Amino acid sequence: VGLYVQDLNGYPINGSGDYSITQTMYYQEELGEAGAIIALSYDYINNQVADQKVPIEIYMMETDDTSLYAYNDGQARGNFKPGSEFTLMYNDSLEFMGSGSHHTIRIPLDEPFIYSGNKNVIIMMYRKATEDYFSISFKGSYDGLPTHYRSMNAYQYYDPMDLDDTTTLNSQGYYYLSDDL
């Protein structure tokens, strides 16, 4: 999905903190017809010389929502979806090649995600703590339009995150107006 014209930090996987969560929305018109999604693929650049192995859980869900933000008291606020609304699709480590050059990672899902073809999809990435510093940029683009927020992330140090604690996630979330991820 998308044109991938620049390197983005934090989306779709955030390297900040020991633990991080990112939710990214993909629109129906980008995904096409109904069918089984069996893998995800992302272009990236690993800013470290060495290869990196990153433990991650990937969750997916369909939604009628068109944005990952909501208005509260006239202010745009995060609207993280609770983890319990998602289906766990991948639970393993990803291996990112080093060298500071561009690569593509293909992530085979543990089971196919059956897409209805008539809704948007949110992919949630939960990165767990590693001993290595995580410094990977993903290819994407920034549209700069205030009409939608399609990706959000939050992170914390030391303790694992509660994927259902949306109050905490929304209070520390970072929102990104992005065109393509």
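Residues numbered from 1 in each chain as written. Predicted model: local features only at pLDDT ≥ 70, side-chain atom pairs only at ≥ 80, totals over all residues. Heavy atoms only, no water.

**Student:** When you look at the packing of aromatic side chains in this model, what are you seeing that I'm missing?
**Tutor:** Here a ring pair, both rings aromatic, is described through the centre-centre distance and the interplanar angle of the planes. Per the counting criterion, the structure on display carries one aromatic pair. Note on Tyr19 and Tyr126: the rings are 6.4 Å apart at their centroids and 20° apart in plane angle, and the pair reads as stacked. Of the two residues, Tyr19 sits in strand E2 (residues 19-26) while Tyr126 sits in strand E9 (residues 120-127), which places them 107 residues apart along the sequence. By relative accessible area, Tyr19 is classed as buried at 13%. Looking at Tyr126, the relative accessible area reads 6%, which means it is buried. (Phe/Tyr/Trp six-rings, centres within 6.5 Å; stacked < 30°, edge-to-face > 60°. Helix = DSSP H or I, 4+ residues; strand = E, 2+ residues; numbered from the N terminus. Buried < 20%, exposed > 50% of the residue type's maximum accessible area, 1.4 Å probe, protein only.)

**Student:** Can you walk me through the confidence of the model for the chain in this structure?
**Tutor:** Any residue range with low pLDDT should be treated as having predicted coordinates unsuitable for detailed reading. Overall, the predicted model of the chain reaches an average pLDDT of 77, with 70% of residues at or above 70. Below pLDDT 50 for its whole length, residues 176-181 participates in 41 contacts with residues either more than four positions away or in separate chains. (pLDDT = per-residue confidence, 0-100. Contact = heavy atoms within 4.5 Å.)

**Student:** Mind showing me how you'd approach the side chain of Gln23 here?
**Tutor:** Following the sequence through the fold, Gln23 ends up in strand E2. Classification of Gln23 by relative accessible area gives buried; the value is 0%. Among the polar contacts listed, one links the side chain of Gln23 to the backbone oxygen of Lys81, at a separation of 2.8 Å. In this view, Gln23 contacts Leu68, Phe80, Lys81, Phe86, Ile122, Ile123, Met124, Arg150, Ser151 and Met152; residues no more than four positions away in its chain are not counted. (Polar contact = N/O pair within 3.5 Å; in protein donor to acceptor, adjacent residues only side chain to side chain.)

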